[in-house]
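Analysis of the macromolecular model
Residues per chain are reported as follows:
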Amino acid sequence: MKKYLLEVNHKPNKDGKHTLFLRISENRKMVRIALGYSIELKYFNKKSHSLRSGCPNASIIQEKFKLKKEELEKFELDSNKRGQIISLNVLKGLATESKYHNFYEYAEKQIARWRKTKSVNHVKHVESVIENLKLYANNKDLNFEDFSIPFLKDLEAHYVDSGNKSGTVRNKLKNLRTIFLEAEEERLISMEANPFRRFKMPKFFQEKKEKLSIEEIKSIIALEIPVFSPLWHVRNAFLFAFYNAGIRVSDVIMLRWESIKGERLVYKMKKNQKWCDLNLRKEAWDILENYMREDIKPSDFVFPFFKNNVEYKDKYFLELQLSSKTAQINERLKKIAKLAEIEKNLSFHIARHSFASIAMKNISIDKVSSLLNHSSIKITENYLASLGQEEKDKALNEALNF
């Protein structure tokens, strides 16, 4: 029966500290596996082979020792069930092999793959999480085995202490977890070595959504902004979205004249690929008339955020441009909010929140959900089957009755 103990090297390193090992022994033979940590000798209890109180990183070291021990014991047990006898050297090789699996190197490979398969925003988020992690770890290289339950708990606390909201903290950890799951799927690490299998993800608490009142919408409408200026175009796009049940910013940026069919707006939503068919209110028509020209082509963009002579078929290029334009639009909306004396963090998505909030005062929740295409709500899904186009048009007019 193999015995596993925490051991310290009695010979000090150059910094005066002593390297910690996992020692495996059997029949008076032994192997040692470095755990990647060094401590002052005063923190090691020789009799109990344990760390004394006050030892820096004690919980992380103990967790790492425990996980490594459990991983090797399970490997040996599974091998024995198959009739295989595992030597000390085989266990040592198994234990030390993962140290070459640098987390950052693997993350970069995964990000390179996601650039071809995921959205630009997803890639940007993951890149941001990795850069933030490097700062947190003082630019020290991290291997997969450096991640433990205490490490993740400390990282979560760091995110919270840095002012991140609950949803942001959860998403950052989920991005890291995805990388671990990919590495596990490729058998770079074992299930036992994946701390996210045991780590309890933080709860998500719904944050209060910003929205504008009718008075604040009216104050934006009343602003005197130079015609055809960047702020003027952004104000028009924001109000057009509001008048049309809160069209998402990506759909407004990509909106082409071919989507204007008579007195209706018919377009396919980028987010869920569902068709949206709305009756254009007079206020929306008034905005469109500012952009009508004799030489307009059906394929031309309605708002001047994208250029008509540029090809946007490449998915990555399109996502990159949408991300850039959205950031630019939101920056200009903040200037508009300041001009209108609105003390809220105005962004384009608030047009959607504002529509829902104002509409709720005039029509039922299921009609609001229908106009917003919130098919994830079960009651709305059942209602959509019976709500006709004429009823939707009526609901939109009733919703913005102010």
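Since this is a predicted model, take the numbers as computed values, not measurements. (Residues numbered from 1 in each chain as written. Predicted model: local features only at pLDDT ≥ 70, side-chain atom pairs only at ≥ 80, totals over all residues. Heavy atoms only, no water.)

**Observations concerning the packing of helix α8 (residues 230–243) against helix α10 (residues 282–289)**
Convention followed: Geometry is summarised by axes, namely lines fitted to C-alpha atoms with helices restricted to the contacting stretch, and by angles between N-to-C directions that run from 0 to 180 degrees. Counting from the N terminus, the helices are the DSSP runs of H or I reaching at least four residues and the strands are the DSSP runs of E reaching at least two. An angle below 35 degrees is read as roughly parallel, one above 145 as roughly antiparallel, one from 65 to 115 as roughly perpendicular, and any other as oblique. The crossing is said to be left-handed when, going from far helix to near helix, the turn is anticlockwise and less than a right angle, and right-handed when the turn is clockwise. Should any heavy atoms of two residues lie within 4.5 Å, those residues are counted as being in contact.
Relative orientation of the contacting elements α8 and α10 amounts to 150 degrees, with a least axis distance of 9 Å. One way to sum up the angle between α8 and α10 is to call them roughly antiparallel. Here α8 runs over α10; the crossing is left-handed. In this structure, α8 contributes Asn236, Leu239, Phe240 and Tyr243 to the contact, and α10 contributes Glu283, Ala284, Ile287 and Leu288.

**Focus: the sheet that holds strand β3 (residues 29–39)**
So the rule is basically this: In this description, strands pair whenever DSSP reports at least two bridges between them.
Taken together, three strands build an open sheet; the order of strands is β1-β2-β3 and the sheet is antiparallel. Both outer strands of the open sheet, β1 (3–8) and β3, are each paired with one neighbouring strand and no more. This sheet shows a mean twist of 25 degrees between the axes of neighbouring strands, independent of strand direction. In this structure, strand β2 (residues 18–26) lies alongside β3, joined through eight bridges in antiparallel fashion. Paired with leucine 22 across the two strands is isoleucine 33, which belongs to β3. Sheet strands in contact with helix α1 (residues 58–81) are β1, β2 and β3, and its direction is about 150 degrees off that of β3.

**Observations concerning the pairing of strand β8 (residues 275–279)**
Pairing of strand β7 (residues 264–268) with β8, which is carried by five bridges, proceeds in the antiparallel orientation. Across the sheet, valine 266 pairs through a bridge with aspartate 277, a residue of β8. Once β7 ends, the chain turns through six residues before running back antiparallel as β8, passing glutamine 273 with a positive phi of about 60 degrees.

**Quick look at the side chain of lysine 325**
Note the cut-off: In this scheme, a residue with accessible area under 20% of its type's maximum is buried, one over 50% is exposed, and one in between is partly exposed, where area comes from a 1.4 Å probe on protein chains only. His is not counted, nor are the chain ends; Lys and Arg add positive charge and Asp and Glu add negative charge. In the sections that follow, a salt bridge refers to a side-chain nitrogen of Lys or Arg positioned within 4 Å of a carboxyl oxygen of Asp or Glu.
Mapped onto the elements, lysine 325 comes out in helix α11 (residues 315–339). Despite its burial, lysine 325 remains without a salt bridge, the nearest opposite charge being carried by glutamate 331 at 15 Å. In this structure, lysine 325 is in contact with Ile253, Phe305 and Phe306, ignoring residues within four places of it in sequence.

**Brief notes about the pairing of β2**
Strand residues, when the strand is regular, have side chains that alternate between the two faces of the sheet. Taken across its nine residues, β2 has eight buried, putting it largely inside the fold. Alignment of β1 against β2, held across six bridges, turns out to be antiparallel. When the sheet's bridge partners are listed, lysine 3 is paired in β2 with serine 25. The antiparallel hairpin formed by β2 and β3 contains two residues in its connecting segment, where asparagine 27 sits at a positive phi of about 50 degrees.

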